[in-house]
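Each chain is listed here by its residues.
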Amino acid sequence: MTTSVITLDEYAELINRASGAGITSEELLDPAVAFEALGVDSLGGLGVVSELELRLGLEPDSGADGTKSPFELLLGINRRSVDAGLLQEGHTEQSIVIDASYDEVWHQTNDVAAWPELFSEYAKAEILETSGSTVTFRLSMHPDENGTVWSWVSERTTDRENGTVRAHRVETGPFEFMNIAWTYREVKGGTEMRWVQDFRMKPQAPVDTAAMTARITTNSTLQLALIRGRVQERARLAAV
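Predicted model, so just to flag it, every value in this text is computed and none were measured.

A. Spotlight on the nonpolar core. Y11, L52 and W115 are the most contacted members of the largest nonpolar core, which totals 49 residues. Sort the elements by how many residues they give to this core and helix α5 (residues 209-239) lands first, with 6 residues. Not counting residues within four places of it along the chain, the set of residues in contact with Y11 comprises I6, L28, F35, V48, L52, P70, L73 and L74. The next biggest cluster of nonpolar side chains, apart from the first, holds 7 residues, and it includes F175, M178, A205 and M212.

Listed below in structure tokens is the structure:
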């Protein structure tokens, strides 16, 4: 079993190899963007499916739909990876290298109150309590397709000296538990930020743990790439 997943940069390269479209990873940041808008026709979409299957070690699926959006296709592929045992159910692990100093990355990504400007999924972040290096806060997402606003309280403890953050949901909602570990380290090309998430869904939750694993894996791929771009741009502007 492996927790290796495709990054957004790798996904863009794979799409280009399969279709000759010439897109960038930034063009995939919008989950609503369609293959057609990227210049990828249905035949090219099927080529993307085949490339993904080969890259991730999945058995070919003759019924795979190559007309989905890149986000929907990756979500489906990640679900197949969970079902095939290639991704661990209830566990995700992803990282990205940000071309900025350790201090810059640490500061920007641990400023919880400013997360709505860093993540695309959060509409509001409200700090409820701060005690030493621990902050308790409420996150609210943008309304979903049904107009529902999902919100929950989490607790987060930072350890700047060791480059680690430990967080968990206090209000678990549909989760039995949700624990998140962030780690930071200086590497060639900048600062590596890694997310490890462990969770399990309640029996009465609207989706099971396997489906949530695929969804979190797919969404994290986009959010990490988005955060990288925003942190790098702010660091660039600050240096001018």
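Past the structure itself, the notes keep going.
B. Quick peek at helix α2 (residues 42-56). Its 15 residues give α2 an end-to-end C-alpha distance of 21 Å, which sits within 8% of 21 Å, the value for a rise of 1.5 Å per residue. For α2, the full list of buried residues reads G44, G45, V48, V49, L52, E53 and L56. Two or three places before L43, at the start of α2, stands the capping residue D41, its side-chain oxygen 3.3 Å from that residue's backbone nitrogen. Downstream of α2 by a residue or two, G57 has a phi angle that is positive, lying close to 80°.

C. Examining the side chain of R169 more closely. Structurally, the position occupied by R169 is in strand β5 (residues 164-169). Within the buried set, R169 has no salt-bridge partner at all; the shortest N-O distance to an opposite charge, 7.8 Å, is to E121. Once residues lying within four places of it in the same chain are set aside, the contact partners of R169 are W152, V153, S154, F175 and M178.

D. Looking closely at helix α4 (residues 102-109). Burial in α4 covers these residues: Y102, V105, W106, Q108 and T109. In the core, the buried residues of α4 are packed alongside β1 (91-98), β4 (151-159), β5, β6 (175-187), β7 (190-201) and α5.

E. Main features of the side chain of Q197. Assignment of secondary structure puts Q197 in strand β7. At 3.2 Å, the side chain of Q197 forms a polar contact with the side chain of S220. Look past the residues within four positions of Q197 in its chain and what remains in contact with it is G90, H91, T92, M178, N179, I180, I216 and S220.

F. Fine view of the pairing of strand β2 (residues 122-131). Direction of pairing for β2 relative to strand β3 (residues 134-141): antiparallel, over a ladder of 8 bridges. The partner of E129 across the bridge, within β3, is T136. Between the antiparallel neighbours β2 and β3 lie 2 residues, among them G132 with a positive phi of about 65°.

G. Layout of the pairing of β7. Counting buried residues along β7, 9 of its 12 residues qualify, which places the element largely inside the surrounding structure. Strand direction decides the pairing type here: β1 and β7, joined by 8 bridges, are antiparallel. Bridging across to β7, T92 finds its partner in Q197. Here β6 pairs with β7 via 12 bridges, running antiparallel.

Analysis parameters
- Residues numbered from 1 in each chain as written.
- Predicted model: local features only at pLDDT ≥ 70, side-chain atom pairs only at ≥ 80, totals over all residues.
- Heavy atoms only, no water.
- Core = buried A, V, L, I, M, F, W, Y, C linked by side-chain atoms within 4.5 Å.
- Buried < 20%, exposed > 50% of the residue type's maximum accessible area, 1.4 Å probe, protein only.
- Helix = DSSP H or I, 4+ residues; strand = E, 2+ residues; numbered from the N terminus.
- Contact = heavy atoms within 4.5 Å.
- Expected span 1.5 Å × (residues − 1).
- Polar contact = N/O pair within 3.5 Å; in protein donor to acceptor, adjacent residues only side chain to side chain.
- Lys, Arg positive; Asp, Glu negative; His and termini not counted.
- Salt bridge = Lys/Arg side-chain N within 4 Å of Asp/Glu carboxyl O.
- Pairing = 2+ DSSP bridges.

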